[in-house]
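If you want the building blocks of each chain, they are given just below.
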Amino acid sequence: MSATNWPDSLKNWVTQCLQQMTVLNKAEAQAELKEVIRAAHADGSMWTVDWSKRTLKSLEPKPGFNKRKNMDSVATPAAQTNKKAKKPAIVATTLDSNAERLAARARRFEREHEIERQKQSGYYQSSNHGYEYSRHVNRKAYSPPSSSSHTGGSLQDRMQGLTTSYSSEFRSGGKGSRKKYLNMSVGYTEDEGNNGLDWDRYTIVGTNENLFKNYLRLTSEPDPRDIRPYRILTQTLAELKKRWKQDPNYHWICDQFKSLRQDLTVQRIKNEFTVEVYEIHARMALEANDLVEYNQCQSALRHLYELGIKGHSEEFLAYRILYLLHVRNRSDLNRLISTLTPQVKNVPVVKHALDVQRAMATNNYHALFTLYNAAPNMGPYLMDHFIERERLGALCTMTKAYLTLPLTFIAKELAFEDASQAHSFLFNHGAAQYVASQPSNSNGLRGDSARVLDCKQVQPRLVQVYEEKTRRVTIQGAI
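The rules we used
- Residues numbered from 1 in each chain as written.
- Predicted model: local features only at pLDDT ≥ 70, side-chain atom pairs only at ≥ 80, totals over all residues.
- Heavy atoms only, no water.
- Helix = DSSP H or I, 4+ residues; strand = E, 2+ residues; numbered from the N terminus.
- Contact = heavy atoms within 4.5 Å.
- Areas by Shrake-Rupley, 256 points an atom, 1.4 Å probe, with all protein chains shown as cover.
- pLDDT = per-residue confidence, 0-100.
- 1 Å grid on protein atoms, 1.4 Å probe; cavity = no way out; pocket = protein on both sides within 12 Å on 5 of 7 lines; lining within 4 Å.
- Points joined across faces, edges and corners; volume = space filled by probe spheres on them.
- Nonpolar A, V, L, I, M, F, W, Y, C, P; charged D, E, K, R; others polar.
- Core = buried A, V, L, I, M, F, W, Y, C linked by side-chain atoms within 4.5 Å.
- Buried < 20%, exposed > 50% of the residue type's maximum accessible area, 1.4 Å probe, protein only.
- Phe/Tyr/Trp six-rings, centres within 6.5 Å; stacked < 30°, edge-to-face > 60°.
- Lys NZ or Arg CZ within 6 Å of the ring centre and 35° of its normal.
- Axes fitted to C-alpha atoms, helices over the stretch in contact; angles between N-to-C directions.
- Parallel < 35°, antiparallel > 145°, perpendicular 65-115°, else oblique.
- Left-handed = near helix turned anticlockwise from the far one by under 90°.
- Expected span 1.5 Å × (residues − 1).
- Polar contact = N/O pair within 3.5 Å; in protein donor to acceptor, adjacent residues only side chain to side chain.
- Arc of directions from axis to C-beta.
- Salt bridge = Lys/Arg side-chain N within 4 Å of Asp/Glu carboxyl O.

### Looking at the overall build of the protein
Broken down by element type, the protein carries 20 helices and four strands. A separation threshold of at least 6 residues defines the contact pool for the protein, and within that pool the share at least 24 residues apart is 61%. Split by element, the accessible area of the protein, about 28,300 Å² in all, is 52% carbon and sulfur.

### A word on the confidence of the model for the protein
On average, residues of the protein score 77 in pLDDT, and 69% of them are at 70 or above. Across residues 65-75 the pLDDT falls below 50, and counting only partners more than four positions away or on other chains, this stretch makes four contacts in the model. Considering only residues more than four positions removed or in separate chains, one finds that residues 126-152, a stretch of pLDDT under 50, has 71 contacts.

### Regarding empty space enclosed by the protein
The probe, sized like a water molecule, is rolled over the atoms to show the empty space still left. The full count for this structure, using the stated rule, is two cavities of 30 Å³ or more. As for the largest cavity, its lining consists of A318, Y319, L322, V349, H352, A353, A375, P376, N377 and G379. Elements with a minimum of two residues in the lining of the largest cavity: helix 12 (313-327) and helix 15 (348-361). Considered class by class, the residues forming the lining of the largest cavity number seven nonpolar, three polar and no charged.

### Some words on the nonpolar core
Inside soluble globular proteins, nonpolar side chains tend to come together where they are buried. The biggest cluster of nonpolar side chains holds 82 residues, and the ones touching the most others in it are F257, Y294 and V356. With near-sequence residues (within four places) excluded, F257 lies in contact with L237, L240, V277, I280, H281 and M284. Counting 16 residues, the second-largest nonpolar core is a separate cluster that includes W13, A29, M46 and L59.

### Re the packing of aromatic side chains
Under the defined criterion, the tally for this structure stands at seven aromatic pairs. Judged by centre distance (5.4 Å) and plane angle (70°), the rings of Y230 and F273 are edge-to-face. Residue Y230 is located in helix 8 (residues 230-246), and its partner F273 is located in helix 10 (residues 272-287); the two are separated by 43 residues in the primary sequence. F273 carries the same exposure label as Y230, and that label is buried. Positioned over the ring face of F416 is R391, at 4.1 Å from the centre of the ring.

### So, the side chain of H429
Within the element layout of this structure, H429 appears in the loop between helix 19 (419-428) and strand 4 (452-454). Given the relative accessible area of 9%, H429 is considered buried. Residue contacts for H429: discarding those within four places in its chain leaves E388, L392, R461, V465 and K469.

### Digging into the environment of H312
Examined against the element boundaries, H312 turns out to sit in the loop between helix 11 (291-306) and helix 12. For H312, a relative accessible area of 43% gives the class partly exposed. The sequence separation of H312 and E276 amounts to 36 residues, and the corresponding C-alpha distance is 8.8 Å. If sequence neighbours within four positions are ignored, H312 has contacts with E279, R283 and Y305.

### Notes on the packing of helix 8 against helix 10
Running from N to C, helix 8 and helix 10 point in directions that differ by 25°, and their axes come no closer than 11 Å. The angle between helix 8 and helix 10 places the two elements in the roughly parallel class. Classified by chirality, the crossing of helix 10 by helix 8 is left-handed. Contacts between helix 8 and helix 10 involve Y230, L233, T234, L237, K241 and W244 from the former and F273, E276, V277, I280, M284 and E287 from the latter.

### Examining helix 11
Over its 16 residues, helix 11 extends 22 Å from the first C-alpha to the last, a length consistent with the 22 Å expected when each residue adds 1.5 Å. Inspection of helix 11 places L291, E293, Y294, C297, Q298, A300, L301, L304 and Y305 among the buried residues, and these make up the whole buried set. Structurally, the start of helix 11 carries an N-cap: the backbone nitrogen of V292 is 3.3 Å from a side-chain oxygen of D290. Just beyond helix 11, the residue with positive phi is G308, at close to 90°.

### Looking at helix 13 (residues 330-338)
Within the sequence span of helix 13, burial applies to L333, L336 and I337. One side of helix 13 holds all its buried residues, which, seen down the axis, span an arc of 95°.

### Digging into the side chain of R389
The topology assignment puts R389 in helix 17 (residues 379-401). Judged by its relative accessible area of 11%, R389 falls in the buried class. There is a polar contact of 3.3 Å between the side chain of R389 and the side chain of E390. Setting aside anything within four residues of it in sequence, one finds R389 in contact with L325, H326, R328, M360, Y466 and T470.

### Side note on unusual backbone geometry
Backbone phi values are negative for most residues with the exception of glycine, while trans is the configuration of most peptide bonds. Residue R268 is not a glycine yet carries a positive backbone phi of 55°. Topologically, R268 is positioned in the loop between helix 9 (250-266) and helix 10. A positive phi is found at N363, a non-glycine position, where the angle reads about 55°.

### Section: the pattern of salt bridges
Scanning the entire structure with this criterion turns up 15 salt bridges. R261 is the partner of E293 in a salt bridge, and the nearest nitrogen-oxygen pair spans 3.1 Å. Of this pair, E293 sits in helix 11 while R261 is found in helix 9, placing the two residues 32 residues apart along the sequence. For R261, a relative accessible area of 10% corresponds to the buried category. Counted as one network, the salt bridges with shared partners bring together K213, R228 and D263.

### Details of the packing of helix 12 against helix 17
Between helix 12 and helix 17, the shortest axis-to-axis distance is 9 Å and the interhelical angle comes to 15°. Here helix 17 runs roughly parallel to helix 12, going by the angle between their axes. When you trace helix 12 past helix 17, the crossing you get is left-handed. Between helix 12, through Y319, L322, Y323, L325 and H326, and helix 17, the contact on the second element is made entirely by G379, L382, M383, H385, F386 and R389.

Here is the structure:
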């Protein structure tokens, strides 16, 4: 049966039906549409039926809430009594249905954990619907049927798909074949209830043996031939760490880590090795001043830690606090601090980050720069992103309280390496104005160590620069 032999009225009716379909009723409506066309073709009424008057039950509007409400208002007292009597049975049925969905979900989670354990042991095999996956053999990746959706292409192609792609299923007869197809069209089988999809059959295991692979964003279903298995990924990480120590080419290393993370994601590998990959990449990103990649790794690590996978969660909790201080996200910072237990707050790295937050909240610049000099792990790399802003704020306070300040005192108080670095900081912000006459040092030379800042002259300029650094732009663009 070819769509080219259909009457124009039938083609117009099919077009109207396809336009009325939504995501919710698409599967049911397509099944009913095929059945109507098949029946008309079988009994020869395709050219005699007035298709403009035909409707599909699946596309008819469902009864609204107001209509039911009006019917209840005019119902007899006896009918209302019967409805009240039926409510306990309805509630019990709903509870049973919810319990079944929760049980199905729990079974799926148990299967996922079992798969993870098998992957860590070096062997995983799953046979569902005739497809198998194993770490030791090359298998065919499962591809869901694409014939259930004909939303693209021309009208001729879409109507042709209704007759050709399903003809064999319906021509075989029987309710079983139709029920089998409908189950496949929504992505689960007969023995899988609502919210209990068998995700195991969609898990792939790579077969690529190359240690290094450039990162490419996926635009289609992943091919196992392009994915590296767990065994190869562990070797890749070890080699990347060696390369980073020998030649820290961050652009190439970052590309390889993104490819490594992608292979872990498509294979649904979530274990301590996954945590190690994200932690190492996050540290490298901090060292390379790449906050974009660091933030992506930090977000993924939060999810992995919530799953109970072991890692350096306290270290990265401290990094998250410092990052929120950098972006000045006070709402998320306060929410995060409120969830910390006393035991976590007493961990040294977390305690240091909380002390930094307290020093910034109270404008205690002396304590802040003392903590900056004593920051553990990769903390200084994160603090470098907001330390300039805090130095300007501290200088605004200091120049408002003093008439003059020795440059050596400023360098020591604001954690500069020496007076020359402090002078460069003031010069870059247009605030390098000093008292005219100063005594010479012991060598008779006037160096940066002998300079004294004129606070009255530079204070307005420092306030202006600080306000420019701390201005925020709203979503609408208003400052």
